[in-house]
Amino acid sequence: MQSITEKKATRRDFLKATGLTTAALGFPTIIPSSALGNAETPAPSNRIVMGGIGLGNMGSGDMGNFLNNPLVQYVAVCDVRGNVRDERKKQVDGKHGNTDCKAYVDFRELLAREDIDAVHIATPDHWHAIQMIEACRAGKDVFCQKPETRTLREGALVVEAARRYGRVVSGGSQRVLEDYRGIVQKCWGGELGPIKAINVEMGTISKPCNLPEEKCPDNMDWEMWLGPAPWAPYNHSRCDGNFSCEGGSWRSYSDYSGGNMTDWGAHHIGGATFAVDVRELQPTDVILTVEGDKRWLSFKYPNGVELTLNKPGKGQHQVDGTPGEKRAAKKVPEYAAKGGIGADFLECIKTRGKPFRDIELAVNTVTVCHLGIIAYTLGRSLKWDAAKQLFVGDEEANRFIDRARREPWQL
Amino acid sequence: MSEQLDKAFDALKTYDWGMEPNLVKPIEDAIVATHTDAAARKELETRLIAALKAESPRAAKDVVCRALKTIGTVAAVPALEPLLGDEKLSHMARYALERIPGPEAAKALTDALSKGTPKVKIGVIGSLGARGEASSLVPLTGLLGDSDAGVAAAAATALGDLGSIEAAKALVMSKPVPATKAAVGAASLLCAQRLVKAGNKPAAKITYEKLLASTPSKVVKEAATLGLKSL
């Protein structure tokens, strides 16, 4: 397979080197710039060849961004729902003015294509880790929607896979950099002095689902939708991709999602850990406090910083600093290119640099979310050994680090 | 709590898809409430085991296996083990067994490798890998040559998960058929990476070198080269 970094010999170079100019070949000399490329639009042979896996709500947005980026040659779509698949293929073909876009039900067939350099993934959360790891194994760079994992063990494994194969793997929260600039600037600029704590306001966690069986649409592959999750009968609300975490969507149910805790946690906690500069760390302690009917969490970081979740009397991203004390200003990291998190990913594919939302940083955020869910579920405080990826002195909590996958799926 | 719990166990007898999850929620609540009460835990587990053995819908067994994932002990293994060969229940039996510590659960999973359909075996192999079950090295190595390519590939992946010198040796010494070569290559890379993490760079180096000498795919070759450079 030719990787994007090896695509140095362009079609233009080939014509030059062989002396086979268009005139010599007897062809007309008028060639559209889109075929050979220009300053803004590289020739097709120099573009990043991409495909998309899971193309519903978030996936269609990501697809639109990549499809319309002049650096990208978008060639393949994959979704287990026939109507979604057909619609996205139509969009891609419409953009290119041909019918070349291939549509797949099974992501493994898309990943097996040697001409594809990179994929973006926006399937339900229970699929993310398997698909990211399989994509790395196939030599693809990966952009994966948040939350990037469904269990703690998955986090360590996707980071390992990214590093093992030397792939560029970006998490998908655009909000971490773009939505919380005010508080990030204050913290990184030193205005608040050394930071003691930050609070995050967060909604509920997901629940078990026991919806009744409905007739599965003929154009949907239900087995592939469930994938590694426990078998359950089809019900439209079980698999609906709407953004509710309170029922009527896969985001509400614990087999597929952590609910608000991971869905919004990937953004809000990602922004908070970025602001107080602990995004490269994982907490050591999760302290559950119960006051009447209110429960809130405190995550202690090894450098002494505290991240609280729903602490009474605290607002969203409210920071406890030490104004008056000095804290050296630091330059806030930015995307590698203009155009948002997708453009950052594409630029890093070219340079082989780490994207702003490198998978390790994204996993650190989602780890906080998973730790919080486990503490709430078990109703107690926990100690976390980030190096070993194990809870300390709590065998029962360690059972929540992962869950068995339905055959034939393995990580 | 006791009355609600009794009702929940009663509901389990006929609990099926479409019924209100709150009917069985007291079982979840009891798991949390009995955390520091060993006797109550034991009683809860005993009731769950009885419920698992009883005639009940698949959805009810699903609820029981989820609960045993959290509180199951060696006592629950004999009730879970027979379900491993059942294509409909095997996954949820593993859902519990994969997370129950101890050699008894490992033995139940290992014994299941010689039974059941290839599909079921693939699941069991995955659970042994996820547990990092060193005792499964020999049977997993034997399965590298299985006539079912899915089983052989799953065994390779599980050996990769073990990440030991012995697993690395088994992988690089194997002679995979074309259908399993990619899985063996990927698993060898994972083993080598884990060996590096464990501080055993010499063993990782040998693994990478053996891989490179095996005419690997371009992706495996690039990754092995990257691994070697990092040593």
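Values in this document were obtained by computation on a predicted structure and should not be read as measured data.

Quick notes on the rules
Residues numbered from 1 in each chain as written. Chains lettered and ligands numbered in written order. Predicted model: local features only at pLDDT ≥ 70, side-chain atom pairs only at ≥ 80, totals over all residues. Heavy atoms only, no water. Helix = DSSP H or I, 4+ residues; strand = E, 2+ residues; numbered from the N terminus. Buried < 20%, exposed > 50% of the residue type's maximum accessible area, 1.4 Å probe, protein only. Contact = heavy atoms within 4.5 Å. Lys, Arg positive; Asp, Glu negative; His and termini not counted. Charge placed at Lys NZ, Arg CZ, Asp CG, Glu CD. Axes fitted to C-alpha atoms, helices over the stretch in contact; angles between N-to-C directions. Parallel < 35°, antiparallel > 145°, perpendicular 65-115°, else oblique. Left-handed = near helix turned anticlockwise from the far one by under 90°. Domains from an automatic or database assignment. Buried area = accessible area lost by both parts, 1.4 Å probe. Salt bridge = Lys/Arg side-chain N within 4 Å of Asp/Glu carboxyl O. Polar contact = N/O pair within 3.5 Å; in protein donor to acceptor, adjacent residues only side chain to side chain. Nonpolar A, V, L, I, M, F, W, Y, C, P; charged D, E, K, R; others polar. Pairing = 2+ DSSP bridges.

Visitor: Is there a simple way to explain the overall build of chain A in this structure?
Guide: Helix and strand content of chain A: 17 helices and 13 strands. Here chain A holds 411 residues, and 58% of them are scored as buried. Across chain A, every contact between residues at least 6 apart in sequence was considered, and the portion connecting residues at least 24 apart equals 70%. Of the charged side chains in chain A, 53 are positive and 52 negative, and the gap between their average positions amounts to 4 Å.

Visitor: What is the right way to read the packing of helix H7 (residues 125-137) of chain A against helix H8 (residues 152-164) of chain A from this model?
Guide: Packed helices, taken two at a time, are described by the angle between their axes plus the distance between the axes. Residue and element names in this part refer to chain A. Packing of H7 against H8 leaves a shortest axis separation of 9 Å and a crossing angle of 15°. Classified by the angle between their axes, H7 and H8 sit roughly parallel to one another. Like other packed secondary-structure pairs, H7 and H8 cross with a definite hand, here left-handed. Each of Ala129, Met132, Ile133 and Cys136 in H7 lies in contact with H8, whose residues at this interface are Glu154, Leu157, Val158, Ala161 and Ala162.

Visitor: Looking at this structure, how should I read the domain arrangement of chain A?
Guide: Interfaces are frequently sized by the accessible area removed from exposure as the parts join. Residues and elements named next belong to chain A. Split by domain assignment, chain A resolves into domain 1 (4-172) and domain 2 (176-205 + 260-398). Counting residues at the interface gives 35 residues for domain 1 and 29 residues for domain 2. Regarding the contact of domain 1 and domain 2, the summed buried area is about 2500 Å², with carbon and sulfur atoms giving 71% of it. For domain 1, the biggest contributors to the area lost against domain 2 are Lys146, Leu152 and Val168; these three give 25% of the whole. Our enumeration of links across domain 1 and domain 2 arrives at 4 salt bridges. One salt bridge connects Asp141 with Arg352, and the closest N-O pair in it is separated by 2.8 Å. There are 8 residue pairs in polar contact (both at pLDDT 80 or more) connecting domain 1 and domain 2. Elements with a minimum of two residues in the side of domain 1 that touches domain 2: strand S1 (48-53), strand S4 (118-121), H7, strand S5 (141-144), H8 and strand S6 (169-170). If you tally residues by element for the side of domain 1 that touches domain 2, the top one is H8, at 7 residues. The residue inventory of the side of domain 1 that touches domain 2, partitioned by class, reads 19 nonpolar, 9 polar and 7 charged.

Visitor: Explanation requested: the sheet that holds S6 of chain A in the structure shown.
Guide: Strands in a sheet are paired, the pairing made by backbone hydrogen bonds, and the direction either parallel or antiparallel. All names here are of chain A. In space, the 6 strands of this open sheet follow the order S3-S2-S1-S4-S5-S6, with parallel pairing throughout. In this open sheet, the two edge strands, each paired with only one partner strand, are strand S3 (102-104) and S6. Judged from the 6 bridges that link them, S1 and strand S2 (residues 72-78) form a sheet pairing that is parallel. By the bridge assignment for S2, Gly52 is matched with Val77. Its contacts with the sheet put helix H4 (residues 57-67) on S1, S2, S4 and S5, and the angle it makes with S2 is roughly 155°.

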